[in-house]
Amino acid sequence: VTRPTKRRTNAASSSAQKRPTAKRGKTTVNNILAMVNSSDPNSFVRTRIAKDFDGETFYGTIMEYDDSETPAYWHVEYDDGDEEDYSKKDLVRALKYYEKEGKHDKNS
């Protein structure tokens, strides 16, 4: 007897378009860019990211997506209280860096 697999859902984002997940193994910047390009930009809200500032890793959370201006941006709040707006290029870099360093994120 084959049983259907259970799907995990996040009640807060169940109405949002789901992001495609990267295949297991080494994820390249091109894979992440393809994922970003094929996803609803709002689906990255509440996603954890990482950025290297002068050799030190800082973690943050994407708090909102704003397309009222051109170019559109994702607003990031870092755990230390700093804030920054990310372009798509910045987002891809931060997601890739988080993939590498996220295991050290104490707030994930």
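Remember, it's a predicted structure, so these values are computed and weren't measured experimentally.

Cut-offs used in this document
- Residues numbered from 1 in each chain as written.
- Predicted model: local features only at pLDDT ≥ 70, side-chain atom pairs only at ≥ 80, totals over all residues.
- Heavy atoms only, no water.
- Helix = DSSP H or I, 4+ residues; strand = E, 2+ residues; numbered from the N terminus.
- Polar contact = N/O pair within 3.5 Å; in protein donor to acceptor, adjacent residues only side chain to side chain.
- Core = buried A, V, L, I, M, F, W, Y, C linked by side-chain atoms within 4.5 Å.
- Buried < 20%, exposed > 50% of the residue type's maximum accessible area, 1.4 Å probe, protein only.
- Contact = heavy atoms within 4.5 Å.
- Arc of directions from axis to C-beta.
- Patch = residues over 30% accessible without salt bridge, like charges linked within 9 Å, V, L, I, M, F, W, Y side chains within 5 Å.
- Areas by Shrake-Rupley, 256 points an atom, 1.4 Å probe, with all protein chains shown as cover.
- Salt bridge = Lys/Arg side-chain N within 4 Å of Asp/Glu carboxyl O.
- Lys, Arg positive; Asp, Glu negative; His and termini not counted.
- Charge placed at Lys NZ, Arg CZ, Asp CG, Glu CD.
- Phe/Tyr/Trp six-rings, centres within 6.5 Å; stacked < 30°, edge-to-face > 60°.

Examined against the element boundaries, Asp80 turns out to sit in the loop between β3 (73-78) and β4 (83-86). The sequence separation of Asp80 and Phe58 amounts to 22 residues, and the corresponding C-alpha distance is 8.1 Å. A distance of 3.1 Å separates a polar side-chain atom of Asp80 from the backbone nitrogen of Asp82.

This paragraph deals with the nonpolar core. A general tendency of soluble globular proteins is for nonpolar side chains to be buried together. Membership of the largest hydrophobic core comes to 16 residues, with the highest contact counts inside it found for Phe44, Ile49, Tyr86, Leu91 and Leu95. Of all elements in the fold, only α1 (29-37), β2 (56-66), β3 and α2 (88-101) reach the threshold of two or more residues within this core. When residues of this core are assigned to their parent elements, the largest contribution, four residues, is made by α2. With residues up to four places along the chain from it excluded, the contact list for Ile49 reads Phe58, Tyr59, Gly60, Ile62, Val76, Tyr78, Tyr86, Ala94, Leu95 and Tyr98.

Among the residues of α1, those classed as buried are Ile32, Met35 and Val36. When α1 is viewed along its axis, its buried side chains cluster within an angular range of 100° and face the same direction. On its buried side, α1 packs onto α2.

Bringing a negative patch on the surface into the picture now. Taken together, the side chains of Asp52, Asp54, Glu56, Glu64, Glu69, Glu77, Asp80, Asp82, Glu83 and Asp85 present a region of like negative charge at the surface. Contributing elements (two or more residues each) for the negative patch: β2 and β4. Assessed through its relative accessible area of 47%, Asp80 is described here as partly exposed.

Take the packing of aromatic side chains next. Counting across every chain of the model gives five aromatic pairs. With a centroid separation of 6.4 Å and 90° between ring planes, the pair formed by Phe44 and Trp74 is classed as edge-to-face. Highlighted residues: Phe44 in the loop between α1 and β1 (48-53) and Trp74 in strand β3, separated in sequence by 30 residues. For the pair formed by Phe44 and Trp74, the shared burial category is buried. Taken together, a centroid distance of 5.7 Å and an interplanar angle of 80° make the contact between Phe53 and Tyr78 edge-to-face. With Phe53 in strand β1 and Tyr78 in strand β3, this pair connects stretches of sequence that are 25 residues apart. Under the relative-accessibility criterion, Phe53 is labelled partly exposed at 32%. Residue classification places Tyr78 among the buried residues on the basis of a relative accessible area of 5%. Each residue in the set Phe44, Tyr65 and Trp74 is aromatic and connected to the rest through ring pairs, giving one cluster.

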